[in-house]
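# Architecture and fold: a report
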Amino acid sequence: MPTHHHCDLAILGGGLAGGLIALALAERRPELSLRLVETGERFGGNHLWSFFDSDVAAAHRWIIEPVVGHRWQGYDVAFPNHRRTLDATYNSVESEQLDAVLRATLSDDALLTGRRVVEAGATGVVLDDGTRIEAKGVIDCRGPGDLSRLQCGWQKFVGQELVLEQPHGRTRPTVMDARVEQLDGYRFVYCLPLGADRMFVEDTYYSDGPEIDAAALRQRIRAYAEAQGWRIAEVAREERGVLPVAFGGDFDAYWNSTPPVAKAGMRSGLFHPLTGYSLPDAVRTAAAIAGARDLSAAGLAELTHGLARTTWRARGFYRMLTAMLFRAAKPEARYRVLERFYRLDAGLIGRFYAGRSSWADKVRVLAGKPPVPVARAIRAIWDMQAGGREKRT
């Protein structure tokens, strides 16, 4: 039977961005009444998110720490002509942990699952069962907006948690193994040792198109595991995803492609233009909202729009690199760009993933012999800039 809710803040979408906002507000603003609305039956869906320690400011670690399920010291990368171990702390969050922490932290009446939003306004929400929510503010975290407003390539993947017949012997993740056959763009395999006999293996592509042939990727995951000498007892779970990586577009058109309310996560365009990852931005957004004085509809809209627009403008360098990767490098040779990148200073690499590259970092990334033809690189940058100008006119 339809019900009527009144609250201070309604958060639409119980994925990473919405879940972290809810947890941050519950911790720092416990006097507020919340409603967290999720279409699925479980918060977080079926996902695994990872991040480096340097991706999240020390002052914000309290937001993400309760949901971290795995932590390793160091990680490996491997390319046809280069292998390296980097000394950085790497963390992973599983959706099951996010769901469990949300249910343990928020009251039952604050958590609405299995509900689809059919109408969203700045101070009101209507769900598919007729339920109405009146709130002082609404934050929309329901995934990407209209990605046709952006110029995008795609990072796409299928990942499987494999239960092995014998211990694998690995003590740290392999974040990129590009020694595999290069298919459909830049391809690499990503491995996380989740237990002595459990390995999460993800077959990943930086591709021109978002389509996934899941059956083919499953076969490649099995072939990769066999090549490592791992005998699979069972597949405990599987996930797949398609993340946009942006090399241009019109931020304002993207923002306006969804209802005119406060936004966070992919909905607001807050993702790294080259990696597609949104966790660091999700933490920053949650911290900003939890620390804001004005959580009215107007205050939230101004806060989230300002954060997203400022971040978009600051990341032109990363969009330029994405344009060079997708427009200047031939698909089968894209791995050379990353192979060269992983020869650089470890601190520079960390700042790059965090989206905090210094001017010296940017100069160093572009210095030396380029891994793509110069003429193609210049053309890619020109096309990116021209595309941005066309969308603004």
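Residues numbered from 1 in each chain as written. Predicted model: local features only at pLDDT ≥ 70, side-chain atom pairs only at ≥ 80, totals over all residues. Heavy atoms only, no water.

### Regarding the sheet that holds strand β3 (residues 48-52)
- Strand order across the open sheet formed by eight strands is β3-β5-β4-β11-β12-β13-β10-β14, with mixed pairing between neighbours. Edge positions in the sheet fall to β3 and β14 (232-249), since each of these pairs with one other strand and no more. Here the strands of the sheet are splayed against their neighbours by 25° on average, with no regard to which way each runs.
- As paired elements, strand β12 (residues 186-195) and strand β13 (residues 198-207) share nine bridges and run antiparallel to each other. Bridge pairing links C191 to V201 in β13.
- Relative to strand β10 (residues 150-164), helix α4 (residues 214-227) is tilted by about 50°, and along the sheet it contacts β10, β11 (174-177), β12, β13 and β14.
- Strands in contact with helix α8 (residues 316-328) are β10, β13 and β14; relative to β14, the strand with the most contacts, it is inclined by about 110°. (Pairing = 2+ DSSP bridges. Helix = DSSP H or I, 4+ residues; strand = E, 2+ residues; numbered from the N terminus. Axes fitted to C-alpha atoms, helices over the stretch in contact; angles between N-to-C directions. Contact = heavy atoms within 4.5 Å.)

### Describing the packing of aromatic side chains
- Taken as a whole and assessed by the stated rule, the structure comprises 20 aromatic pairs.
- Ring centres of Y186 and F188 lie 5.3 Å apart, and the angle between their planes is 35°; this geometry places the pair in the tilted category. Side by side, Y186 and F188 carry an identical accessibility label, which is buried.
- Between Y224 and W230 the ring centres are 6.4 Å apart and the planes differ by 70°, which places this aromatic pair in the edge-to-face class.
- By relative accessible area, which is 6% here, W230 ends up buried. (Phe/Tyr/Trp six-rings, centres within 6.5 Å; stacked < 30°, edge-to-face > 60°. Buried < 20%, exposed > 50% of the residue type's maximum accessible area, 1.4 Å probe, protein only.)

### Considerations on helix α1 (residues 16-28)
- Over its 13 residues, α1 runs 18 Å from end to end, which matches the ideal 18 Å to within 8%, given 1.5 Å per residue.
- Buried within α1 we find L16, A17, G18, G19, L20, I21, A22, L23, A24 and L25. (Expected span 1.5 Å × (residues − 1).)

### Let's talk about the pattern of salt bridges
- As enumerated under the stated definition, the model contains 26 salt bridges in all.
- In this structure, D53 engages R61 in a salt bridge whose closest nitrogen and oxygen atoms are separated by 2.8 Å.
- On the basis of relative accessible area, D53 is assigned to the partly exposed category, the value being 27%.
- Note that D203 is salt-bridged to R187, the shortest N-O span being 2.9 Å. Of this pair, D203 sits in strand β13 while R187 sits in strand β12, placing them 16 residues apart in sequence. By the burial criterion, D203 is buried, and R187 matches it.
- Within the structure, one salt-bridge network assembled from shared partners comprises D53, R61, E65 and R71. (Salt bridge = Lys/Arg side-chain N within 4 Å of Asp/Glu carboxyl O.)

### Let's talk about the packing of α8 against helix α11 (residues 359-366)
- In contact at an axis separation of 12 Å, α8 and α11 are set at 10° when each is read in the N-to-C sense. By the criterion of interaxial angle, the relationship of α8 to α11 is roughly parallel. Across the interface between the two elements, F317, M320 and L321 of α8 pack against K362, V365 and L366 of α11.
- In terms of residue class, the contact of α8 with α11 is made up of five nonpolar, no polar and one charged. (Parallel < 35°, antiparallel > 145°, perpendicular 65-115°, else oblique. Nonpolar A, V, L, I, M, F, W, Y, C, P; charged D, E, K, R; others polar.)

### Description of the pairing of strand β2 (residues 34-38)
- Where burial is concerned, most of β2 is hidden: five out of the five residues are buried.
- The pairing of strand β1 (residues 4-12) with β2 spans four bridges and is classified as parallel. Following the sheet pairing, A10 is matched in β2 by R35.
- What joins β1 to β2 is α1, and the crossover it makes is right-handed.
- Relative to strand β6 (residues 111-113), β2 is paired through three bridges, and the arrangement is parallel. Along β6, the bridge assignment pairs L36 with L111. (Right-handed = clockwise from strand over helix to strand, strands pointing away.)

### So, the environment of L106
- Turning to its location among the elements, L106 is positioned in the loop between α3 (95-105) and β6.
- What makes L106 buried here is its relative accessible area of 8%.
- For the pair L106 and G153, spaced 47 residues apart in sequence, the C-alpha to C-alpha distance is 38 Å.
- In contact with L106, other than residues within four places in its own chain, are A22, L23, A26, L34 and L111.

### Let's talk about the nonpolar core
- Counting 42 residues, the largest nonpolar core has L20, I21, L25, I64 and I139 as the members making the most contacts within it.
- Of all the secondary-structure elements, those providing two or more residues to this core are β1, α1, β2, β3, α2 (61-64), α3 and α6 (279-290).
- In terms of residue count, α1 provides more of this core than any other element does, eight residues in total.
- When residues no more than four places from it in sequence are discounted, the contact partners of L25 are L9, P30, L32, L34, I289, A290 and L295.
- One finds F52, Y190, V245 and L325 within the second-largest nonpolar core, a separate group that totals 39 residues. (Core = buried A, V, L, I, M, F, W, Y, C linked by side-chain atoms within 4.5 Å.)

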